[in-house]
Amino acid sequence: MSNPIPSHLPEMPLYKKAIEIIILSRSISTYLNQDLAYLKPDGSEDTDIYFSGDIVQQSTSLAPEIVNAEMERHSDKKYKHIAALERLTNLLYKNCKRLEKTHSNGRDYLPILRGELRKFRRLQRSWMLTL
């Protein structure tokens, strides 16, 4: 999208929270990857390492969906972005729950990320009423 983001967005609580979630999920993923990158005794890899990449990819997609919904003029297209945002939030939450079962010290930080996702959901609900 070549359009600049609307000037009010960086100050919007939902957008700010999305940026915080990106930073937090990247930090947690880096931590988890250090623990999960080792091969198991049988030579196989820990499949949980993929979920750590998923939380980064999903969190990175939050802010663009907010921007797209804010910039969209047609309500049906606007709601597609809102639905995508809800899907991403749910996937992120599920992946956090999965990663909490891993054998990594990084899992201790996942409840923090889930707490931030709960705050994000609350902000998301009030934001949706303004669209």
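Above this text you will find the structure in question.
Everything quoted here is computed from the prediction, not taken from an experiment.

Trainee: Explain the overall build of the protein to me, using residue names and the numbers behind them.
Mentor: In terms of regular secondary structure, the protein is built from five helices and zero strands. Going from N to C terminus, the protein has its helices and strands arranged as α-α-α-α-α. By principal-axis analysis of the C-alpha atoms, the protein measures approximately 55 × 25 × 20 Å. The buried share of the protein, reckoned over its 131 residues, is 42%. The long-range fraction of contacts in the protein, counting pairs at least 24 apart against all pairs at least 6 apart in sequence, stands at 76%.

Trainee: Provide a residue-level description of helix α2 (residues 48-60), including the pertinent values.
Mentor: Here α2 is 13 residues long and its end C-alpha atoms lie 19 Å apart, about the 18 Å a rise of 1.5 Å per residue gives. Along α2, the residues classified as buried are Asp 48, Ile 49, Ser 52, Ile 55, Val 56, Gln 58 and Ser 59. In this structure, the buried side of α2 is in contact with α1 (13-36), α3 (62-71), α4 (75-99) and α5 (110-130).

Trainee: Lay out the nonpolar core with the relevant residues and their values.
Mentor: Membership of the largest hydrophobic core comes to 30 residues, with the highest contact counts inside it found for Leu 62, Ile 66, Phe 120 and Trp 127. Counting residues per element, this core draws most heavily on α1, which supplies eight residues. Among residues more than four places away in sequence, those in contact with Leu 62 are Ala 18, Ile 21, Leu 85, Leu 88, Thr 89, Leu 92 and Phe 120.

Trainee: Provide a residue-level description of the packing of α2 against α4, including the pertinent values.
Mentor: Contact pair α2 / α4: the axes reach a minimum separation of 9 Å and the direction vectors enclose 150°. Viewed along their axes, α2 and α4 adopt a mutual orientation that is roughly antiparallel. α4 is crossed by α2, and the crossing has left-handed handedness. Contacts between α2 and α4 involve Asp 48, Phe 51, Ser 52, Asp 54, Ile 55, Gln 58 and Ser 59 from the first element and Leu 88, Leu 91, Leu 92, Asn 95, Cys 96, Arg 98 and Leu 99 from the second. Each residue belonging to the contact of α2 with α4 can be placed in one class, and the counts come to seven nonpolar, four polar and three charged.

Trainee: Give me the environment of Tyr 93: which residues, what numbers.
Mentor: Topologically, Tyr 93 is positioned in helix α4. By relative accessible area, which is 17% here, Tyr 93 ends up buried. Along the primary structure Tyr 93 and Ile 55 are separated by 38 residues, whereas in three dimensions their C-alpha atoms are 8.7 Å apart. Not counting chain neighbours up to four residues away, the residues in contact with Tyr 93 comprise Arg 114, Leu 117, Arg 118 and Arg 121.

Trainee: For a positive patch on the surface, give the residues involved together with the corresponding values.
Mentor: Among the surface-exposed residues, Lys 94, Lys 97, Arg 98, Lys 101, Arg 118, Arg 122 and Arg 125 lie close enough to one another that they form a single positively charged patch. Mapped by element, the contributors of at least two residues to the positive patch are α4 and α5. Residue placement: Lys 97 occurs in helix α4. The partly exposed category is assigned to Lys 97, whose relative accessible area is 39%.

Trainee: Explain the environment of Leu 39 to me, and be specific about the residues and the numbers.
Mentor: Relative to the helices and strands, Leu 39 is located in the loop between α1 and α2. The sequence separation of Leu 39 and Glu 116 amounts to 77 residues, and the corresponding C-alpha distance is 31 Å. The contact partners of Leu 39, leaving out residues within four places of it in the chain, are Ser 44 and Glu 45.

Each value, and the rule that gives it
- Residues numbered from 1 in each chain as written.
- Predicted model: local features only at pLDDT ≥ 70, side-chain atom pairs only at ≥ 80, totals over all residues.
- Heavy atoms only, no water.
- Helix = DSSP H or I, 4+ residues; strand = E, 2+ residues; numbered from the N terminus.
- Buried < 20%, exposed > 50% of the residue type's maximum accessible area, 1.4 Å probe, protein only.
- Contact = heavy atoms within 4.5 Å.
- Expected span 1.5 Å × (residues − 1).
- Core = buried A, V, L, I, M, F, W, Y, C linked by side-chain atoms within 4.5 Å.
- Axes fitted to C-alpha atoms, helices over the stretch in contact; angles between N-to-C directions.
- Parallel < 35°, antiparallel > 145°, perpendicular 65-115°, else oblique.
- Left-handed = near helix turned anticlockwise from the far one by under 90°.
- Nonpolar A, V, L, I, M, F, W, Y, C, P; charged D, E, K, R; others polar.
- Patch = residues over 30% accessible without salt bridge, like charges linked within 9 Å, V, L, I, M, F, W, Y side chains within 5 Å.
- Areas by Shrake-Rupley, 256 points an atom, 1.4 Å probe, with all protein chains shown as cover.
- Salt bridge = Lys/Arg side-chain N within 4 Å of Asp/Glu carboxyl O.
- Lys, Arg positive; Asp, Glu negative; His and termini not counted.
- Charge placed at Lys NZ, Arg CZ, Asp CG, Glu CD.

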